[in-house]
Amino acid sequence: MQQPDILLIFLFLVRLITAFLVLTLYLKDKSRTHLAFFMSTSTYALATLFLVLSDYYPVFGGLAGIFAVLGIFAILISILNLVYRFKTRNIHISNFILLVIVVTGAFFNNYISTMVALSIQALIVILSLIALLNRKSDFKKVLGVSFNWLLAALISGNIVIAVHIANLVLNDKLNILPNVFTFLTSLMLAIFFVQLEIITQNRKVAISNIQLKEETAKLAKAKNEQNAMLSNISDVVAILDENAIVKYVSPNLEKLFGWYEDDVLGKSAFKYLRQDRISLIKENFNKLLKNQGASQLLEVEYMCKDGSYKTVGMTVNNLLSDPDIRGVLINFHDISEQKKLENEKLQMEAVVRNQQVLETIGVFASGMAHEINNPINGIMNYAQIIKDITESNPEILEYSTEIINESERIAKLVRDLLHFSRQDTEEFFMVNPSEIIDRTIPLINTILRHDQIVLKVDIESDLPNIKCRSQRIQQVLMNFLTNARDSLNSRYAGYDENKTCSIICRIVEVDTGRMLRLTVEDHGQGIEESIQNKIFDPFFTTKERDKGTGLGLSISYGIAREHKGNIWFETEKNEFTRFHLDLPITD
């Protein structure tokens, strides 16, 4: 094979490699620009292949000229389109006109068709060079340093065309020189595409870096906003791992407890709770870990940095399976002020309860005075008899016994009265309900008898002891009985066989388990339906201003809640009313 043929093969390889390079670029981003580059460089490479084959098959000579013209035109149009943004319709029209001219020229003899192809190529390159220099600054912005290689390739392309025309005029006397210049021009064009891709990728990297910086700035801003928000809310948010080690804590920790974030991060959350109550908290925490998505509401005392404890409410959520958290999320809410207000409220309720005690005592004080008066008169009479007896008399023993009995009766009444009216400092003790009822009946029974009300007592045998403040339960029972008395007196002015009041005490089964139910039932006028939802409201009363404060049932309801029990009622107009006090039984 002759030397020129080898050079043409090298030229074909350079153009083929350029086409494959542009193809890889198109496969990366699927852009129209790279697709146009690939089609034009492929056409340009086929022109060289047809030129090699023309040495063996002359018919390929004409095709080589056609594809060379179309290829160089397509390449330059694609490059110029980066700035000029031609309309697609105009590009197709130009391609069609160019194809018609070149194909028409190919019908003439080989010399003429070659001159036509070279002339068209020269015109295309010259016009492209003018268009490139006309908007030189715009092309430099788009092409960067690859602009210089494109400019060199266009200038070299004009020289190549001039050399080919000269060689054609001189009957191929220039020998290998035209192919050498063509090879160099194609090599420059290949370098242009390589540099253009490097610039494009660098530009993409730069854009990505800018976007990354913008996203980083947005994330930093969002984080700062989040920290600012968390710093100014009252609640503290923390995340623990499955071992209760603190992974995250909101920056407002210092505001609530005095600790800095670094003081608690990486440490056990149990360290900051009251150690005398930690076992139950750990038990609840371990139960929570077994249930994904489970939630708990707890009230704990959290240690502050100064060593004091602050009462907080905690909402604990098991979010170990949540990919964004992967931990136990805790929300701390300061309820110390709320607890303070609750304690103050309890103290106020205690004061009001004591006032209610005095009010209740006033109701039966006159009856008690009469009840005490009779024993005192008996004592005085018996004492007078003893005084009048000067000698031993068998009857003295009997009289002395009566004195003792009446005195004990007075003592018991006084003890019950004092027990009922003492200040509210009593603690919870195990007490039998029968004892509470027995201590209460003497305080009200005289008044009931005076009003001709029959009191019936039905107490279940072998009642278990309950843990309570007996004086408060006694106060609830007194309130029930006083309301029953008022209801009966409103319906019956005097004696009536239905003017009865019953105390019933027995064990019942409810949804929450076994309860002690203390019931007071009367057959009075009942409770009007319009006021049934108001009777437990503080200061609500149907009595006259000087006969009631409206605090009795409200206080009784608070006492029931204090004992983790419940108060409810049943009523039917002019038939009956039953007030129930349910108290939990401690096993």
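Refer to the structure presented above.
Here goes a summary of the coordinates provided. Just so it is clear, the model here is predicted, and its values are computed rather than measured.

Procedures and definitions
Residues numbered from 1 in each chain as written. Predicted model: local features only at pLDDT ≥ 70, side-chain atom pairs only at ≥ 80, totals over all residues. Heavy atoms only, no water. Axes fitted to C-alpha atoms, helices over the stretch in contact; angles between N-to-C directions. Helix = DSSP H or I, 4+ residues; strand = E, 2+ residues; numbered from the N terminus. Parallel < 35°, antiparallel > 145°, perpendicular 65-115°, else oblique. Contact = heavy atoms within 4.5 Å. Nonpolar A, V, L, I, M, F, W, Y, C, P; charged D, E, K, R; others polar. Pairing = 2+ DSSP bridges. Expected span 1.5 Å × (residues − 1). Buried < 20%, exposed > 50% of the residue type's maximum accessible area, 1.4 Å probe, protein only. Patch = residues over 30% accessible without salt bridge, like charges linked within 9 Å, V, L, I, M, F, W, Y side chains within 5 Å. Areas by Shrake-Rupley, 256 points an atom, 1.4 Å probe, with all protein chains shown as cover. Salt bridge = Lys/Arg side-chain N within 4 Å of Asp/Glu carboxyl O. 1 Å grid on protein atoms, 1.4 Å probe; cavity = no way out; pocket = protein on both sides within 12 Å on 5 of 7 lines; lining within 4 Å. Points joined across faces, edges and corners; volume = space filled by probe spheres on them. Phe/Tyr/Trp six-rings, centres within 6.5 Å; stacked < 30°, edge-to-face > 60°. Lys NZ or Arg CZ within 6 Å of the ring centre and 35° of its normal.

With their axes 8 Å apart at the nearest point, helix α6 (residues 136-143) and helix α7 (residues 146-169) run at an angle of 120 degrees to one another. On the basis of the axis angle, α6 is oblique to α7. Listed contacts from α7 to K136, F139, K140 and L143 of α6 are S146, F147 and L150. Looking at the contact of α6 with α7 residue by residue, the class counts come to four nonpolar, one polar and two charged.

This part covers the sheet that holds strand β4 (residues 309-319). Spatially, five strands are ordered β2-β1-β5-β4-β3 in an open sheet, and the strand pairing comes out antiparallel. A strand with exactly one partner marks an edge of an open sheet, and here the two such strands are β2 (246-249) and β3 (295-303). The mean inter-strand angle of the sheet, taken between neighbouring strand axes irrespective of direction, is 25 degrees. Two elements, β4 and strand β5 (residues 327-334), share eight bridges in a ladder whose sense is antiparallel. Across the sheet, residue T315 finds its bridge partner in β5, namely N331. The sheet strands contacting helix α11 (residues 278-289) are β1 (236-240), β3, β4 and β5, and the helix crosses β3 at an angle near 145 degrees.

Turning our attention to helix α2 (residues 32-53). Counting along an α-helix, one turn takes 3.6 residues, and residues three or four places apart therefore face a common direction. Its 22 residues give α2 an end-to-end C-alpha distance of 32 Å, which sits within 8% of 32 Å, the value for a rise of 1.5 Å per residue. Restricting attention to buried positions, one finds in α2 the residues H34, F37, S40, T41, T43, Y44, A45, A47, T48, F50 and V52.

Taken in spatial order, the five strands make up an open sheet running β7-β9-β10-β12-β11, and their pairing is mixed. Taken across any chain shown, the strands that pair with only one partner, and hence form the sheet edges, are β7 (454-459) and β11 (566-572). Along the sheet, successive strands turn relative to each other by an average axial angle of 20 degrees, direction set aside. Pairing analysis gives ten bridges linking strand β9 (residues 500-510) to strand β10 (residues 513-522), with the strands arranged antiparallel. Looking at β10, one finds that V510 is bridged to G513. Strand contacts of helix α14 (residues 433-450): β7, β9 and β10, with the helix running at about 175 degrees to β7, the strand carrying the most contacts. Running at roughly 135 degrees to β11, helix α16 (residues 552-562) makes contact with β11 and β12 (576-584) of the sheet.

We now examine a nonpolar patch on the surface. Taken together, the side chains of I6, I9, F10, L13 and I17 define a hydrophobic patch exposed on the protein surface, amounting to about 420 Å² of accessible area. Considering the arrangement of structural elements, one finds I17 in helix α1 (residues 3-29). Judged by relative accessible area, which is 57%, I17 ranks as exposed.

Bringing the pattern of salt bridges into the picture now. Note on pairing: side chains with opposite charge can pair once their charged atoms come close. Per the counting criterion, the structure on display carries 15 salt bridges. R485 is paired through a salt bridge with D451; the nearest N and O atoms lie 2.5 Å apart. Here R485, found in helix α15 (residues 470-491), pairs with D451, found in the loop between α14 and β7; they are 34 residues apart in sequence, far enough to count as distant. Owing to a relative accessible area of 16%, R485 belongs among the buried residues under this scheme. One salt-bridge network, held together by shared partners, links D451, R485 and D486.

Let's shift gears to empty space enclosed by the protein. Enumeration over the complete set of coordinates arrives at six cavities of 30 Å³ or more. By volume, the largest cavity amounts to about 120 Å³. Lining the largest cavity are 14 residues; nearest its centre among them are F270, I281, F285, M314 and I330. Mapped onto the lining of the largest cavity, the elements with two or more residues apiece are α11, β3, β4 and β5.

What follows covers the packing of aromatic side chains. Applying the stated criterion across every chain yields a total of nine aromatic pairs. When the ring of Y272 is compared with that of Y302, the centres are 5.9 Å apart and the planes differ by 15 degrees; the resulting orientation is stacked. Here Y302 lies in strand β3 and Y272 lies in the loop between α10 (261-264) and α11, a separation of 30 residues in the sequence. No difference in accessibility class separates Y272 from Y302, as the two residues are buried. Taken together, the ring pairs connect F257, W259, Y272, Y302 and F332 into an aromatic cluster. A cation over an aromatic ring shows up here: R135 above the ring of Y84, its NZ or CZ 5.0 Å from the ring centre. Seen from the ring of Y309, R274 lies directly overhead, with NZ or CZ sitting 4.1 Å from the centre.

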